[in-house]
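# Report on the structure
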Amino acid sequence: MSRTATFDRPTFAVRAASRSPDLAIFVWIALTGVLLLLVAFPLTKLLLVSLHTRAGVFTFGNYLAAYGRARYVESLWTSLVLAAETAAISVVFAVPMAWATSRTNMPGKSFVWVLVLGSFILPPYLGAIGWILLAGPNAGFVNQAWRWVSGASDPLVNVYTFNGLAFVMAFQSFPLIFIFVKSALDLVSSEMEDAANILGAGTWTAMRKVTLPLVWPSILSGAIIVFLEAVALFGTPAIIGIPARINTATTQLWQFFEYPVRVEVAAAYAMPLLLITLLMVGVQRLMLRRKGFVAQTGKGGERRPIEFGFGRFVLLGYCLCVGLLSVVLPMLVLAEASFARAWGRGFALSNLTFDNYTFLIFRHESALGSIWHTLWFSGASASLAVLLALLVAYVVSRKLVRFASGLAFLAMAPFVIPGIVMAIGFYAAFAAPPFSLYGTAAIIILAFTARFLPIAYANASSAMGTVHPEMEEAARILGSSRLGTIARITAPLLKRSLLGGWLIVFIVATRELSAAIFLVGPNTRTMAVLLYDLSEAGNFEVLSALGFILLAITLVFIGIGMKLVGRDFMLRRT
Amino acid sequence: MDRVNTPHLSKRSLLAATAALGLGARAGRAQEMPAPERELYEAAKKEGEVTWYSGQVQAETGEAVGHAFGQAYPGIKVYVIRSTSQVAYQRLSQDMQAGVAQCDFFSSTDYGHYLFLKREGKLLSYRPHNMDELIPEVRAVDPDNMFQVLNVGLYLIATNTRKVAAADAPKSWKDLTDPKWIGQEAVGHPGYSGSIGVMAVTLRKLYGWEYFTDLEKNKPQIGRSSDDPVTLLNAGERTVGLGVSLSTTLLSMSRGNPLSFIYPNDGTLAVYSPSAIPKNAPHPNAAKLFMTFTASATYAKVARTFFIPPLRPDVPPPEGALALDKVKLIGATPQEIEEGVPEVKEAWRDTFGV
């Protein structure tokens, strides 16, 4: 981690600083300060809390309490296995889809994109409930249909199992990998595949030996992020895992917060997760070591779709299958629930009603407020996160300062901290004076920014890796300042990637539950928290209706976003 | 005012009913109000709002109660923060640790919360003038008036009528350990639900912890809230729910869901649930007024339409439910609850694995 990297261009930063008062240096200082405040400060606070008793005496007792019982250790192990399985399934879903959408003449690409987007904006909580209604072993629609067709008495699928949980989580997270891999594939020029073809490789070999290896960093960082997100997920494990008798690290953490609240034990329990992040970053470095992945240079390049005959329909079939399972079926069943007077009566005209919607809109004191909070917290934190990520990625990839890789670590660290723990870190660090942010919008926006900085950073850094410095150097030689170069050369080149990153952060923030649940006050409740509260009230009908309102609003915002940026935004037709 | 007692509930009639209550109140109430209440109202109006952390009633019920309060006392808004009781308590504890006051009125189903908060000196003493209108059992639960019992929840057994014929339905808690219910039962979790904690303490007292090790042989589906089984029964995923709230079951039945409930012959669980005003409540007068409202007949009538059993002799039991004194009730003492709930949570996790 401490590998110094300044030997590449040692004179660069020095020259910049000495020739003219380059504002950049202050930006880097500010950046470091912000990252320290957002990431290091809450984490340090957590570390200190984990090493002290409530009375402030130094102790290792919290670690003994956190790992002193087999059940607690097993939960952590379960989470790791579950996350690995989720990431593996997500790769299997996402990479073929991304390749088909980006590199081939598969029909219906826009529709496939809509499906991916749909499964991405579907809040995990809703998806989980949809799958309970679909794949409950006794009454799930899929199993009812299966019994009717086959006459069997055993269910075909059971959501309340380890694999069931992993699949539901993968349905919710594969879009992350899809977006990463597709945006990387979009940048690979066909000339490389042509070269392979000329040398005698078929389409399949060219994809395997040339195209996919070129986007390997994106696949890897996507999979790592899905893994880390799965470790940190609270909602789905609570709603499916508890009935399935599966204890995960996050549900275990929740238990440490029960009365009597043992924040210090929870902090101790969370510390090894940080070691796992370190391990992941190490593995990633090891795997990408000494390989070049530059795909976009100043010399242009041509991108053509690979022509398939019947094969393109096979590809489309695969994409539709994933889309059907991840978004269409759950949304259909949730839509039915949201318009049902009584779910137990099944589908009937007399059972249809708008009451669940009118209740939320006209008779619920905080439903509309929670919608507004969700949108504005998510928008603000997405903007902050992307800005920070761009600047950090720039410093790191251009190796401007000695401790650049330390900045990268800071930017990546938050994702592995379970949202709950992150929230407690923020709570410990910012709730009390001198900050006194508890119950304010600011603490949630800051927590969301820190929590999703890794997504924005991974996105910005893999994008940055595809832009050769020669274009910036040209601008610098012609007298542009460092910040001017970023603003006029780098950022425009990365515009599409950055907007993609913004959108991803915005969407995951609208769905975010684990960080929000401990930081919201009565006047800052978000929809995810409201959905969580409703999920305990024995009423799926109202819950589904709220979910659909959230979906509709998110779609409107995404639509506006696409309109502003141009129709081919994240949907490049090669 | 009697319009609230409409036998068949629809949301529209309910809305009309609460509106009627409110209009009536607006016209005549200010003069009718007893002097202490009028003073309180004047002070509360300046505060303008009350934030209610509630683990006792469902979100929908809470919103309707808040709405009725706003109608009865124009100018004061109720923000309902509904969750399971343990989660509500967690939020309150967090507020207190951060030294930030956000909660005006705290309602949970775990008596232990109040005994602890009282010992810590975190509560504001208050006794509404209308407490003596309630049933004798709840008039003086705490000599220092740090909390008042303003809600009783009844928890019993529910079935899906399409899957379980009335004749086959279980008759008692004990029946639920019968192997014929294997794979069919659903229950909440004491780590989340306050009332399931009280249920576990009570059944342990009656039958020993073996009751739960026997229950585990039937592989019940564990949720979080005591209301979770209702959704599972509605969907037909499970057929028998234990420790299900009578109010939620009746509400779900009134919508047409295929549910039925049984008063167990070894006793229906009654959870007498306190409410309290935190000492640092940001809107203490509004909170006191809200507490007074919660003891009033107006509240009882609105809550009744959501099938909450009234604690007032002058308000009849909810449609389809028996009066409290007609039911064999079981329960646990405050001390048993405070000591027992942490124990049964731990034992539950050892027995059921979650």
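Residues numbered from 1 in each chain as written. Chains lettered and ligands numbered in written order. Predicted model: local features only at pLDDT ≥ 70, side-chain atom pairs only at ≥ 80, totals over all residues.

### Focus on the overall build of chain B
Along its length, chain B carries 12 helices and 11 strands. Over its C-alpha atoms chain B spans a radius of gyration of 20 Å, differing by no more than 12% from the 20 Å that the globule rule assigns to 354 residues. If you line up chain B on its principal axes, its C-alpha atoms span 60 × 45 × 30 Å. Residue burial in chain B is summarised as follows: out of 354 residues, 56% are buried. Excluding contacts between residues fewer than 6 apart, the proportion of contacts in chain B whose partners are at least 24 apart in sequence is 79%. (Helix = DSSP H or I, 4+ residues; strand = E, 2+ residues; numbered from the N terminus. Rg over C-alpha atoms; globule rule 2.2 N^0.38 Å. Buried ≥ 20, exposed ≤ 12 C-beta atoms within 10 Å, placed from the backbone. Contact = placed C-beta atoms within 7 Å.)

### Regarding the overall build of chain A
Of the regular secondary structure elements, chain A holds 25 helices and 0 strands. Here the C-alpha atoms of chain A give a radius of gyration of 24 Å, agreeing with the 25 Å that 2.2 N^0.38 yields for 574 residues. The dimensions of chain A, computed from C-alpha atoms along their principal axes, are 75 × 70 × 45 Å. Counting the 574 residues in chain A, one finds 53% classified as buried. Excluding contacts between residues fewer than 6 apart, the proportion of contacts in chain A whose partners are at least 24 apart in sequence is 79%.

### With respect to the pairing of strand β10 (residues 268-278) of chain B
Residue and element names in this part refer to chain B. Burial within β10 is extensive, with 11 of its 11 residues counted as buried. Burial of β10 is two-sided: the residues Thr-268, Ala-270, Tyr-272, Pro-274, Ala-276 and Pro-278 facing one way and the residues Leu-269, Val-271, Ser-273, Ser-275 and Ile-277 facing the other way are all buried. Relative to β10, strand β3 (residues 105-107) runs antiparallel, the two being bridged by 2 bridges. Each residue of the ladder has a partner; that of Ser-107, found in β10, is Ser-275. For strand β5 (residues 148-160) and β10, the ladder comprises 7 bridges, and the chain directions are antiparallel. Note on β10: the bridge partner recorded for Asn-151 is Ser-273. (Pairing = 2+ DSSP bridges.)

### As for the nonpolar core
Ala-389, Val-392, Val-505 and Leu-546 of chain A are the most contacted members of the largest nonpolar core, which totals 294 residues. Two domains each put at least three residues into this core: domain 1 (2-152 + 273-320) and domain 2 (153-270 + 326-352) of chain B. (Core = buried A, V, L, I, M, F, W, Y, C linked by C-beta atoms within 7 Å. Domains from an automatic or database assignment.)

### Describing helix α10 (residues 203-214) of chain A
Within α10 of chain A the residues assigned to the buried category are Ala-206, Thr-211 and Leu-214 of chain A. Take α10 of chain A and look down its axis: the buried residues cluster within an arc of 55°, on one side only. (Arc of directions from axis to C-beta.)

### A closer look at the interface of chain A and chain B
Contact with chain A, which involves 38 residues of that partner, is made by 49 residues of chain B. Listed by contribution, the elements that provide at least two residues to the side of chain A that touches chain B are α16 (355-363), α19 (419-431) and α24 (527-535) of chain A. Broken down by element, the residue count for the side of chain A that touches chain B peaks at 3 residues, all from α16 of chain A. Among the residues making up the side of chain A that touches chain B, the classes are represented as 19 nonpolar, 10 polar and 9 charged. (Nonpolar A, V, L, I, M, F, W, Y, C, P; charged D, E, K, R; others polar.)

### Description of the environment of Met-146 of chain B
All names here are of chain B. Within the secondary structure, Met-146 is located in the loop between β4 (123-124) and β5. Judged by local crowding, Met-146 falls into the buried class, with 23 C-beta atoms found within 10 Å. Residues Met-146 and Gln-86, 60 residues apart in the sequence, show an inter-C-alpha distance of 20 Å. Once residues within four sequence positions are removed from consideration, Met-146 is found in contact with Lys-118, Leu-123, Ser-125 and Ala-276.

### Focus: the pairing of strand β2 (residues 77-82) of chain B
Residue and element names in this part refer to chain B. As paired strands, strand β1 (residues 49-54) and β2 are joined by 6 bridges and run parallel to one another. Bridge pairing in β2 places Trp-52 opposite Val-80. Assessed by its sense of winding, the connection that carries the chain from β1 through helix α3 (residues 59-72) to β2 is right-handed. (Right-handed = clockwise from strand over helix to strand, strands pointing away.)

### Points about the packing of helix α13 (residues 249-256) of chain A against helix α14 (residues 263-288) of chain A
Residues and elements named next belong to chain A. With their axes 8 Å apart at the nearest point, α13 and α14 run at an angle of 160° to one another. Here α13 lies roughly antiparallel to α14, going by the angle between them. Like other packed secondary-structure pairs, α13 and α14 cross with a definite hand, here right-handed. For the pair α13 and α14, the contacting residues are Gln-252, Leu-253 and Phe-256 in the first and Val-265, Ala-266, Tyr-269 and Ala-270 in the second. Taken together, the residues of the contact of α13 with α14 break down into 6 nonpolar, 1 polar and no charged. (Axes fitted to C-alpha atoms, helices over the stretch in contact; angles between N-to-C directions. Parallel < 35°, antiparallel > 145°, perpendicular 65-115°, else oblique. Left-handed = near helix turned anticlockwise from the far one by under 90°.)

### Structural notes on the domain arrangement of chain B
Residues and elements named next belong to chain B. Domain annotation for chain B reports domain 1 (2-152 + 273-320) and domain 2 (153-270 + 326-352). Of note, the centres of domain 1 and domain 2, computed from C-alpha atoms alone, are 27 Å apart. Taken together, the contact between domain 1 and domain 2 spans 23 residues of the former and 23 residues of the latter. A breakdown of the residues in the side of domain 1 that touches domain 2 according to their chemical character gives 10 nonpolar, 12 polar and 1 charged.

### Some points on helix α5 (residues 109-121) of chain A
Over its 13 residues, α5 of chain A extends 18 Å from the first C-alpha to the last, a length consistent with the 18 Å expected when each residue adds 1.5 Å. Turning to α5 of chain A, its buried residues number three or more, namely Lys-109, Val-112, Leu-115, Val-116, Leu-117, Ser-119, Phe-120 and Ile-121 of chain A. (Expected span 1.5 Å × (residues − 1).)

### Observations regarding the packing of α5 of chain A against helix α8 (residues 162-185) of chain A
All names here are of chain A. Between α5 and α8, the shortest axis-to-axis distance is 8 Å and the interhelical angle comes to 125°. It follows from the interaxial angle that α5 and α8 lie oblique. You can see that α5 and α8 cross each other, and the crossing is left-handed. Contacts between α5 and α8 involve Val-116, Ser-119 and Phe-120 from the former and Phe-171, Gln-172, Pro-175 and Phe-178 from the latter.

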